[in-house]
Amino acid sequence: MPTRILPAVGDADAVRSVTTLLSQLPDAEPVAPVTDSTQLIDTLARLAAESVDELPEVVVVHERIGPVPALELIREVALRFPAVGVILVTSDASPGLFQAAMDYGARGLVALPLSYEELASRVQAVASWSAGVRRHLGGALEVFTGVGGTVVTVSGAKGGVGTTLVAIQLALAAQASGRSAALLDMDLQTGDIASYLDVQFRRSVVDLATITDITPRVLADAVFRHDTGLALLLAPGEGERGEEVTDRAARQIVSALRSRYEVVVVDCGAQLSGAGAATVEMADTSLLVTTPDVVAVRGAKRAVRMWDRLQIRKAEETTVVVNRHTRGTEIQPPLIQKITGTGLAATVIPSNFKELQGAVDAGRLHELDAKSTVKQALWTLAGELGLVKAPEGDRRAGRGSFRRRRDGGG
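As annotated in an unreviewed UniProt entry, the protein carries the name P-loop NTPase and is attributed to Streptomyces cupreus.

*Asks:* So what's going on with the overall build of the protein? Residues and values would help.
*Replies:* Across its full length, the protein holds 15 helices and 13 strands. Taking 2.2 N^0.38 as the reference for a compact globule, 410 residues should give roughly 22 Å; the C-alpha atoms of the protein span a radius of gyration of 23 Å, in line with that estimate. With respect to the three principal axes, the spread of C-alpha positions in the protein is 70 × 50 × 45 Å. When the 410 residues of the protein are sorted by exposure, 52% land in the buried category. Taking as baseline every contact in the protein between residues at least 6 positions apart, the subset at least 24 positions apart corresponds to 76%. Summed over its atoms, the accessible surface of the protein is roughly 18400 Å², and 49% of this surface lies on carbon and sulfur atoms.

*Asks:* Lay out helix H1 (residues 12-24) with the relevant residues and their values.
*Replies:* Here H1 spans 19 Å end to end across 13 residues, near enough to the 18 Å set by a 1.5 Å rise per residue. Here H1 has its buried residues at Ala14, Val15, Val18, Leu21 and Leu22. Looking down the long axis of H1, one finds its buried residues gathered within 150 degrees of arc, a one-sided arrangement. With a side-chain oxygen lying 3.1 Å from the backbone nitrogen of Asp13, the N-terminal cap of H1 falls on Asp11.

*Asks:* If you had to explain the UniProt feature "domain: Response regulatory" (unreviewed entry) in the protein to someone new, which residues and values would you point to?
*Replies:* The sites that carry the UniProt feature "domain: Response regulatory" (unreviewed entry) are, in the present numbering, residues 4-127. With 48% helix and 19% strand, the stretch residues 4-127 has end C-alpha atoms that lie 9 Å from each other.

*Asks:* Just give me the short version of the side chain of Glu76, but keep the residues and values in it.
*Replies:* Tracing the backbone shows Glu76 in helix H3 (residues 70-80). Once residues lying within four places of it in the same chain are set aside, the contact partners of Glu76 are Ile41 and Ser255.

*Asks:* So what's going on with the packing of helix H6 (residues 163-176) against helix H14 (residues 373-384)? Residues and values would help.
*Replies:* Put simply, H6 and H14 touch, their axes get as near as 9 Å, and they point 65 degrees apart. Put simply, H6 runs roughly perpendicular to H14. The handedness of the crossing between H6 and H14 comes out as right-handed. Across the interface between the two elements, Leu165, Val166, Gln169, Leu170, Leu172, Ala173 and Ala176 of H6 pack against Val374, Lys375, Leu378, Trp379, Leu381 and Ala382 of H14. Taken together, the residues that form the contact of H6 with H14 break down as eleven nonpolar, one polar and one charged.

*Asks:* Lay out the pattern of salt bridges in plain terms, naming residues and giving numbers.
*Replies:* If the charged atoms of two oppositely charged side chains come close together, the side chains can form a pair. Taken as a whole and assessed by the stated rule, the structure comprises eleven salt bridges. Note that Arg4 and Glu57 form a salt bridge whose closest N and O atoms lie 2.7 Å from each other. Residue Arg4 is found in strand S1 (residues 3-8), and its partner Glu57 is found in the loop between helix H2 (37-50) and strand S3 (58-62); the two are separated by 53 residues along the sequence. Under the relative-accessibility criterion, Arg4 is labelled buried at 14%. One salt bridge in this structure joins Arg364 and Asp198, with 3.0 Å as the shortest N-O distance. In this pair, Arg364 sits in the loop between helix H13 (353-361) and H14 while Asp198 sits in the loop between helix H7 (193-196) and helix H8 (216-222), placing the two residues 166 residues apart along the sequence. Classification of Arg364 as partly exposed rests on a relative accessible area of 25%. Among the residues examined, Asp198 registers a relative accessible area of 44% and is labelled partly exposed.

Rules used throughout
- Residues numbered from 1 in each chain as written.
- Predicted model: local features only at pLDDT ≥ 70, side-chain atom pairs only at ≥ 80, totals over all residues.
- Heavy atoms only, no water.
- Helix = DSSP H or I, 4+ residues; strand = E, 2+ residues; numbered from the N terminus.
- Rg over C-alpha atoms; globule rule 2.2 N^0.38 Å.
- Buried < 20%, exposed > 50% of the residue type's maximum accessible area, 1.4 Å probe, protein only.
- Contact = heavy atoms within 4.5 Å.
- Areas by Shrake-Rupley, 256 points an atom, 1.4 Å probe, with all protein chains shown as cover.
- Expected span 1.5 Å × (residues − 1).
- Arc of directions from axis to C-beta.
- Polar contact = N/O pair within 3.5 Å; in protein donor to acceptor, adjacent residues only side chain to side chain.
- UniProt positions renumbered as here; feature names shortened; annotations may be inferred.
- Axes fitted to C-alpha atoms, helices over the stretch in contact; angles between N-to-C directions.
- Parallel < 35°, antiparallel > 145°, perpendicular 65-115°, else oblique.
- Left-handed = near helix turned anticlockwise from the far one by under 90°.
- Nonpolar A, V, L, I, M, F, W, Y, C, P; charged D, E, K, R; others polar.
- Salt bridge = Lys/Arg side-chain N within 4 Å of Asp/Glu carboxyl O.

Following this line, the structure appears as structure tokens:
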């Protein structure tokens, strides 16, 4: 039986050289290459959903794949598709990188420039390993079918626009609908989700920052289980410790949450850190909360432009949520969309702080009255984003419908 090999290579020149050599290997069946990390995971997930037997035996990951770094991508493939052997192609064949690649789950490493003999040897060895795993595990082999949990980031155009309120209520809506949901506070210096939900905690996201292998047990030890059933991973009580969460750590933490929960909502605050940037980059949906006033809208435009310059996220891949909306304001949502160049959530959040004040002051935002127009709007927004489980026979709140609406310009 031929060995199916899936190349994951972002550089056009490297694609040609890798696929040419792979096609020359004996008993090899290279499939169409994927060009980024998202496409690789989605392709493997689609094949796994059909059958584990449809998965390729070997995945070849080039060091310049993106946006997720190669080693982080290898870890995710190894965790979610344990019968797929991964080979890293890299210009750095040092013992240190070799050991790191093995620690992250790679089954082999091939140095650049590529050598036919070395590549053939590694592919044969990894293919044999993969076949052995499938033969011995058989029906007991488990993979994460689908693309994993949905990650939604909520960022603020500036401080005080209601970012945390939006994040909390979206997560609560998802949890209440029957989905397993996690709420991550990535506002590392000033995050106050714990204050809004009346939580006393010992562990925070910082406790995961230096762990290279976040197992389900390690993750469970760091997560606080709220009375609502919501899983909370909170910002540190000492803001200065937020610097310990690097962009690499953020990727690992978000990937771990995504593999264990159906919905992951991340409060990124209004300040962009390396960890926050990595999280926004990884998100399936990125929300930018603004209020309909000049200062906030300018802040939203500034944030969108910065994300684009830093290649974190394109404007059209960002969705603006308008909070504290009133019909009488001069700046209406369509104008905000025109100014920012982003998508626009169809649901606006009305301005009615009186409804919120009691719950906010008591630190019991999860007990906000169901009759509150603000809560109703936020839970409607959760449906629009596809975060809530639609009742049987009603799929209008599905994620696909939101994407079509967003692609249509909001």
